[in-house]
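# Descriptive analysis of the structure
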Amino acid sequence: MYYRNVIVHYGGYAANEMLKNIPGAFLVGRDGRDKLIRNRLQAYDLTNKALREWWIDAAEQVCSDPAIDGIFVDGVVKILEPTFLKDVIGEEKKAGMLAGYVTMMEDLRKRLGPHKLIVGNILRARLPDSGLSYIKALDGSYIEGFEGAVGMSKKDYVAKGIRDFQRAARQGLIIAYTCNLGANQQDADEAPRSPAGSDNAIGDLARQNRDAKSRFTYQLAIFLVCAEKYSYFYLNDGYDAKTSKMWMTRPAEYDRPLGPPKGPAVRNGYTYTREFEYASVFLDIEKEEATITWKAPLQPSEVEAGIVK
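Residues numbered from 1 in each chain as written. Predicted model: local features only at pLDDT ≥ 70, side-chain atom pairs only at ≥ 80, totals over all residues. Heavy atoms only, no water.

### Focus: the overall build of the protein
Defined as follows: A helix here means a DSSP run of H or I that spans at least four residues, while a strand means a run of E at least two residues long, and both kinds are numbered starting from the N terminus. Relative accessibility decides the category of a residue: with a 1.4 Å probe and only protein chains considered, values under 20% of the type maximum give buried, values over 50% give exposed, and everything between is partly exposed. Between two residues, a contact is recorded if the distance between any of their heavy atoms is within 4.5 Å. For every accessible area listed, the method is Shrake-Rupley and the probe measures 1.4 Å; residues are considered covered only by the protein chains on display.
If you tally the helices and strands in the protein, you get eight helices and 10 strands. Within the protein, the fraction of its 309 residues that count as buried is 49%. Put simply, of all contacts in the protein between residues at least 6 apart along the chain, 65% involve residues at least 24 apart. Surface summary for the protein: the accessible area is close to 15300 Å², and the carbon and sulfur share equals 54%.

### Notes on the side chain of Asp45
This is how the line gets drawn: The definition of a polar contact used here is a pair of N or O atoms within 3.5 Å, where within protein one atom must be able to donate a hydrogen and the other to accept one, and adjacent residues in sequence count solely through side-chain atom pairs.
Note that Asp45 resides in the loop between β1 (2-5) and α1 (49-63). Note on Asp45: relative accessible area 8%, which makes it buried. Engagement of the side chain of Asp45 in a polar contact is seen with the side chain of Thr47, the distance being 2.5 Å. Once you skip the residues sitting within four places of it in the chain, Asp45 turns out to touch Gly24, Ala25, Phe26, Leu27, Leu51, Lys93 and Met97.

### Thoughts on the nonpolar core
We apply this condition: Put simply, buried Ala, Val, Leu, Ile, Met, Phe, Trp, Tyr and Cys residues joined by side-chain atoms within 4.5 Å make one nonpolar core.
Core analysis: the largest hydrophobic core is formed by 79 residues, its most contacted members being Trp55, Ile71, Tyr101, Ile162 and Leu283. With nine residues, the single largest contributor to this core is helix α7 (residues 212-226). Ile162 has contacts with Phe146, Ile222, Val225, Cys226, Tyr272, Leu283 and Ile285, leaving out every residue within four places of it along the chain.

### Observations concerning the environment of Gln61
Structurally, Gln61 can be placed in helix α1. The exposure class of Gln61 is exposed, given its relative accessible area of 61%.

### What about the packing of α1 against helix α4 (residues 91-112)?
Going by this rule: Note on definitions: angles span 0 to 180 degrees between N-to-C directions of axes, and those axes are lines fitted to C-alpha atoms, for helices only across the stretch in contact. For classification purposes, an angle smaller than 35 degrees is called roughly parallel, one larger than 145 roughly antiparallel, one from 65 to 115 roughly perpendicular, and anything else oblique. Take the far helix as the reference: if the near one is turned anticlockwise from it by less than a right angle, the crossing is left-handed, and if turned clockwise, right-handed. The classification used treats Ala, Val, Leu, Ile, Met, Phe, Trp, Tyr, Cys and Pro as nonpolar, Asp, Glu, Lys and Arg as charged, and all other residues, Gly among them, as polar.
At their nearest, the axes of α1 and α4 sit 10 Å apart, and the two run at 30° to each other. Our classification of the angle between α1 and α4 gives roughly parallel. Considering how the two elements wind past one another, α1 and α4 form a crossing that is right-handed. Note on element contacts: α4 touches α1 through Gly100, Thr103, Met104, Met105, Asp107, Leu108, Arg111 and Leu112, opposite Arg52, Glu53, Trp55, Ile56, Asp57, Ala59, Glu60 and Cys63. Tallied by class, the residues present in the contact of α1 with α4 amount to eight nonpolar, two polar and six charged.

### Examining α4
Under the convention used in this document: Helix span, expected: 1.5 Å multiplied by one less than the number of residues in the helix. The directions from the helix axis to the C-beta atoms are what the arc is built from.
Between its terminal C-alpha atoms α4 stretches 32 Å, which fits the 32 Å expected from 22 residues at 1.5 Å a residue. The set of residues buried in α4 consists of Lys94, Met97, Gly100, Tyr101, Met104, Met105, Leu108 and Leu112. The arc enclosing the buried residues of α4, seen along the axis, measures out at 140°, which places them on a common side. Residues Glu91, Glu92 and Lys110 are exposed on α4 and point more than 90 degrees away from its buried face. Residues of α4 that are buried make contact with α1, β2 (70-74), α2 (76-80), α3 (86-89) and β3 (117-121). Of the residues one or two after α4, Gly113 is the one with positive phi, at around 80°.

Have a look at this one:
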């Protein structure tokens with residue numbers, strides 16, 4: 001997949017050379033500043049048609065290579081989040097950015113055609129409908145920050161995320177659920193963190209004190225109560241191979257026979273259950289606990305292969 005951010009300007013792309021020929025390619029704040037992302041990076045002005053055409057041209061050129069299956073579109077939540085940069089660029093420009101993004105994705109789909117994938121970083125419970133109304137032009141969504149509650153308690157935030165993960169997956173969309181053994185929070189510049197002392201902060205501390213096995217089971221259970229045919233699970237403990245305990249390891253559960261689900265998950269308050277041919281899943285998002293009962297025993301070799309013995 002070809003990685004491109006829809007708003008954050010990163011260096012290193014050959015296509016960037018053409019930006020100097022596009023007047024007004026970058027957003028400028030009402031105070032004249034143009035380093036609007038984390039106070040150090042420029043942001044694309046999606047109200048600029050020439051900028052949008054440049055972005056799509058680069059995507060089309062790279063994706064024309066048969067070795068490239070499509071494009072991963074990042075930064076979408078920054079566009080959809082109503083408050084992000086609104087005070088800096090003004091309400092009218094913020095609305096124009098959203099309209100420009102919608103047009104750019106529609107045009108991108110037309111240019112790439114039906115045989116190239118477009119997967120966005122879009123599903124997030126913080127959005128009114130978790131972004132489902134904007135996923136129609138895409139083939140699916142990457143999910144991160146699943147527990148980084150904004151505007152509600154963490155248990156309600158996770159419940160909403162599960163609901164809309166399920167809705168998207170049942171439509172046949174690709175859903176790539178990415179989570180962490182530690183904190184599973186939002187990108188820091190998308191919205192303020194929960195205040196100290198909130199139930200979210202308490203939950204984060206409690207989660208960090210739990211052992212890796214419990215955390216792994218909890219995240220896998222969230223995935224399993226949502227997963228459909230084109231759903232994918234990836235858990236990590238960071239992106240530095242020098243410090244990761246999971247790098248180049250394979251959890252034994254990945255090799256367990258799961259079998260097809262016997263139906264959708266059943267919700268009862270903040271608990272969920274789901275039955276598969278070879279596994280029973282119980283999830284409690286209020287207590288942040290889960291059990292997965294496998295109906296076929298692990299072989300000794302599989303135990304040794306797990307990340308947690």
